[in-house]
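One letter stands for each residue in the lines below.
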Amino acid sequence: MITASHAEHASGHYLSHDWTLRGWLLTVDHKRIAWLYAASITGFFFLGGLAALLIRLELITAPGDLLSSETYNKMFSLHGIVMVWFFLIPSIPATLGNFLMPMMVGAKDMAFPKLNLLSWYIYTVGGIFTLAAVIAGGVDTGWTFYTPFSSLFSNSAVIAAATGVFVVGFSSILTGLNFIVTTHTMRAPGLTWKRLPLFVWANYATGLIMVLATPVLTVTLLLLGLERGLGIGIFDPALGGDPLLFQHLFWFYSHPAVYIMILPAMGVVSEIIACFSRNPVFGYKGMVISIAAIALFGFVVWGHHMFVSGQSLYAGILFSFFTFLVAVPSAVKTLNWTATLFRGHIWFSAPMIYALSFLGLFTIGGLTGVFLAALALDVHLHDTYFVTAHFHYIMVGGAVTAYLGGLHFWWPKMTGRMYSELWSKVAALALFIGFNLTFYPQFLLGYSGMPRRYHDYPEAFEFLHILSSLGSGVLAIGYLLPLVYLGWSLWRGPRAPANPWDAYGLEWLADSPPIKHNFTETPKVTGGPYVYD
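Residues numbered from 1 in each chain as written. Predicted model: local features only at pLDDT ≥ 70, side-chain atom pairs only at ≥ 80, totals over all residues. Heavy atoms only, no water.

### Details of the confidence of the model for the protein chain
Note: predicted coordinates in regions of low pLDDT should not be interpreted at a detailed level. Of all residues in the protein chain, 98% attain a pLDDT of 70 or more, and the chain-wide mean is 94. By mean pLDDT, the top-scoring element of the protein chain is helix α14 (residues 421-447) (97), and the lowest-scoring one is strand β1 (residues 2-3) (56). Every residue in residues 5-10 scores below 50 in pLDDT, and together they form 16 contacts with partners more than four places removed in sequence or on other chains. (pLDDT = per-residue confidence, 0-100. Helix = DSSP H or I, 4+ residues; strand = E, 2+ residues; numbered from the N terminus. Contact = heavy atoms within 4.5 Å.)

If you want it as structure tokens, here you go:
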């Protein structure tokens, strides 16, 4: 049970307070910083989406007749770098997490509001470096910056792009630090660890990964820059270096980064499924333990990206074993979401459709990950479209779908406005259909031997590529529609009540939109989460 007085309108809500450019750019209000991030990542999302559109147009025909090989390499590199580092990693933590974490724990703001604003400025500086790389002619190394190609042979803007990623890492660290300290020190009276919403648990675990893993990437990119710029031998065998060292360091961060992207998505889905099935989350303790287990195992499976790199066979066996173990807590969460739906009073609203889409797409992505964890099978599937499809089922089908679900779920709280229920359902269905039409054929392409990152390919693969490109068109509609009706709702949408979904949680005690410091008095918590009946 949660008690608190509702906010009073007399002081005005956070959006009406100081509506000037200075008021926005110098704000330390976590809710406004969330909007700064939302605007920034949306811009990068559509930049990355434009690169993906060109890739899919090129692949409609077997001959490489639209883009040159060099331009195609730069397009998939741009797509990967922008989508991973500037959209997916900050998407849920920096927007929904920033907006909701203090409210969900009953606090007025983050523990370090000025650091929170600084993290957005650092993100922006990193983005400027990346855009400079695009303007300077682009980068062709892929989002992984593998050496020795990136450090010795590439003639593209590697330093500018790598500097952008290097800088944006500090933004992640500050965001993670804020999540950890806020959760530890600013919880409302009565909000014990066992009463925390799963969204808070997920972002808390994500914060730990950000703080512990991101410095490794930072150092790795610094070493890459030293070798490329100063000729210091670190990864170049001719200078006494080891190219495999780069892969070890890169994946030591980049596999946990997968969980930076997917754990917050799991938190969003837990909140939505409980609310729209009117059931408490099944196995709350098991869900929390699974979050912790996924975060922990994420640090010991990086070598499964390197089964064909020449690393020790015994190391490969260990990494394969640990990768199989990750499937256990992931399966626990999937089964618990399904059990939460059992005998629930399910309301097929737009957030729920997104959440159910997540459940289906994440399950497919997870199960195909088990295939890639098997040493022998990975040799056949490595560097094929099977890996591309698996990755996108997790990152796009999982993380992006959950981000949109969360955006629809908390949109009335964030803006004080409702949106079109009809168009939101159309967009959610378009996303589900378009996504599967885009990426399911890629499983078949990969299993049949089609390597990824090739723009000129045998005609035997053309039909499946045409299906995939058609699906990407439907998927694009699913992404563009929310931009239209959510934007429309800001001015024309009906006023939202404080709790339009009759949801449970501290954030729903505040007005829609909330006042500047969220609550007029600190709420008190006397019971566990998800008291639905």
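### Comments concerning the packing of aromatic side chains
What the rule picks out here adds up to 48 aromatic pairs. Aromatic side chains F276 and F409 sit 5.7 Å apart centroid to centroid with 70° between the ring planes, which places their arrangement in the edge-to-face category. On the criterion of sequence distance, the pair formed by F276 in helix α8 (residues 243-277) and F409 in helix α13 (residues 385-415) is long-range, its members being 133 residues apart. One exposure class covers both F276 and F409, and it is buried. Each residue in the set W85, W143, Y146, F235, F246, F250, W251, Y253 and F391 is aromatic and connected to the rest through ring pairs, giving one cluster. (Phe/Tyr/Trp six-rings, centres within 6.5 Å; stacked < 30°, edge-to-face > 60°. Buried < 20%, exposed > 50% of the residue type's maximum accessible area, 1.4 Å probe, protein only.)

### Side note on the side chain of S156
Looking at the element boundaries, S156 is found in the loop between α5 (149-153) and α6 (158-185). According to the relative accessible area criterion, S156 is buried, its value standing at 11%. One polar contact links S156 to S154, side chain to side chain, over a distance of 2.8 Å. Those residues within four positions of S156 in sequence are excluded, and the remaining contacts are K74, G138, V139, D140 and R228. (Polar contact = N/O pair within 3.5 Å; in protein donor to acceptor, adjacent residues only side chain to side chain.)

### Points about the environment of A350
Checked against the element boundaries, A350 lands in helix α11 (residues 350-373). Each C-alpha atom, one on A350 and one on A428, is 6.6 Å from the other, the two residues being 78 residues apart in sequence.

### With respect to a nonpolar patch on the surface
Where nonpolar side chains cluster on the molecular surface, the patch consists of L50, L53, L57, I60, L66, L437, I466 and L470 and spans about 650 Å² of accessible area. Where the nonpolar patch is concerned, the elements lending two or more residues are α2 (30-58) and α15 (462-492). It is α2 that contributes the most residues to the nonpolar patch, 3 residues altogether. Within the secondary structure, L50 sits in helix α2. The exposure class of L50 is partly exposed, given its relative accessible area of 48%. (Patch = residues over 30% accessible without salt bridge, like charges linked within 9 Å, V, L, I, M, F, W, Y side chains within 5 Å. Areas by Shrake-Rupley, 256 points an atom, 1.4 Å probe, with all protein chains shown as cover. Salt bridge = Lys/Arg side-chain N within 4 Å of Asp/Glu carboxyl O.)

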